[in-house]
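Spelled out, the chains give:
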Amino acid sequence: RLLGRRAVGEALALALQDDSQCVRAAAVDLLGRLLDSGFAFAPQHAEELRAAVGARFEDDAPAVRKAAFRVVCATMDASATGFVGLAADLLHRIRHEPAQVRGGVLQSLERALFAQPWAAPSALNNLAGIVSEADEPGEAMHSLLCTHRDTHEAACTAATSAALADEAVRRVALLAGDAA
């Protein structure tokens, strides 16, 4: 309903073309909030919003590109039709982005692909599709899988530390019982 008002749509269109990168980034963020609001947009309007955000991938300002990547990543769904193409496109686009932008996109893709253990077969299908569509599949997969490893390495280290601490306590208790 908000975007049905012509003045609001025109204001957003102008904001996306503003000279100030802060205004453009804020406009992208607003589009993201609209997409994520749960409002039932007509399919054509939702696609127009996504296209407007996607167009900002080509913005000269890193802050605007980062906002566009953030919005796209926040609204992507690994089970949706077109996810594989979107993931391959994102991997292609972030190749020359700063590490901070690349990291955020890779973490989002990692979460989308590996979020649920029960989704492993679909995750493998998605990975196979991404490899087949990626410009440089080796680099794309390496980045994604390293992000997955890094994300879970801290959890694995914490779990291992906890298990070792539990075992040490158990052994101390056993020794204390033997000494008594």
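Residues numbered from 1 in each chain as written. Predicted model: local features only at pLDDT ≥ 70, side-chain atom pairs only at ≥ 80, totals over all residues. Heavy atoms only, no water.

S.K.: How do you make sense of the overall build of the chain when you look at a structure like this?
M.R.: Counting secondary structure elements, the chain contains eight helices and zero strands. N-terminal to C-terminal, the α/β element order of the chain is α-α-α-α-α-α-α-α. Out of the 180 residues in the chain, the part that is buried amounts to 32%. (Helix = DSSP H or I, 4+ residues; strand = E, 2+ residues; numbered from the N terminus. Buried < 20%, exposed > 50% of the residue type's maximum accessible area, 1.4 Å probe, protein only.)

S.K.: Just to check I follow, could you spell out the packing of helix 4 (residues 62-75) against helix 5 (residues 83-93) for this structure?
M.R.: Relative placement of two packed helices is described by the angle separating their axes and the distance separating the axes. At a minimum axis distance of 12 Å, the contact between helix 4 and helix 5 shows a crossing angle of 155 degrees. In terms of orientation, helix 4 lies roughly antiparallel with respect to helix 5. With respect to the hand of their crossing, helix 4 and helix 5 are arranged in left-handed fashion. Residues Phe69, Val72 and Cys73 of helix 4 form the contact with helix 5, whose participating residues are Leu86, Leu90 and Arg93. Taken together, the residues of the contact of helix 4 with helix 5 sort by class into five nonpolar, no polar and one charged. (Axes fitted to C-alpha atoms, helices over the stretch in contact; angles between N-to-C directions. Parallel < 35°, antiparallel > 145°, perpendicular 65-115°, else oblique. Left-handed = near helix turned anticlockwise from the far one by under 90°. Contact = heavy atoms within 4.5 Å. Nonpolar A, V, L, I, M, F, W, Y, C, P; charged D, E, K, R; others polar.)

S.K.: Would you take a moment to explain the pattern of salt bridges for this structure?
M.R.: Should their charged atoms come close, side chains of opposite charge can pair. Counted under the stated rule, the structure contains seven salt bridges. Across the salt bridge formed by arginine 93 and glutamate 58, the nearest N and O atoms sit 2.5 Å from each other. A residue pair is termed long-range when its members are at least 10 positions apart, and arginine 93 in helix 5 and glutamate 58 in the loop between helix 3 (43-55) and helix 4 qualify at 35 residues. By relative accessible area, which is 27% here, arginine 93 ends up partly exposed. Judged by relative accessible area, which is 58%, glutamate 58 ranks as exposed. Shared partners join several salt bridges into a network, and the residues in it are Arg24, Arg56 and Asp59. (Salt bridge = Lys/Arg side-chain N within 4 Å of Asp/Glu carboxyl O.)

S.K.: Just to check I follow, could you spell out helix 5 for this structure?
M.R.: By the burial criterion, the buried members of helix 5 are Phe83, Val84, Ala87, Ala88, Leu90 and Leu91. Projected onto a plane normal to the axis of helix 5, the buried residues spread over an arc of 160 degrees and lie on a single side. (Arc of directions from axis to C-beta.)

S.K.: Help me understand the nonpolar core, please; the structure alone is not making it clear to me.
M.R.: Inside soluble globular proteins, nonpolar side chains tend to come together where they are buried. With 36 residues, the main nonpolar core has Val28, Leu90 and Leu109 as its most contacted residues. Contributing elements (two or more residues each) for this core: helix 1 (6-16), helix 2 (21-36), helix 3, helix 4, helix 5 and helix 6 (99-114). A total of seven residues in this core trace back to one element, the largest contributor, which is helix 4. (Core = buried A, V, L, I, M, F, W, Y, C linked by side-chain atoms within 4.5 Å.)

S.K.: How do you make sense of the environment of leucine 16 when you look at a structure like this?
M.R.: Positionally, leucine 16 belongs in helix 1. The buried category is assigned to leucine 16, whose relative accessible area is 9%. Taking the C-alpha atoms as reference points, leucine 16 and valine 28, separated by 12 residues in sequence, lie 7.2 Å from one another. Apart from residues no more than four positions distant in its own chain, leucine 16 is found in contact with Arg24, Ala27, Val28, Leu31, Ala52 and Arg56.

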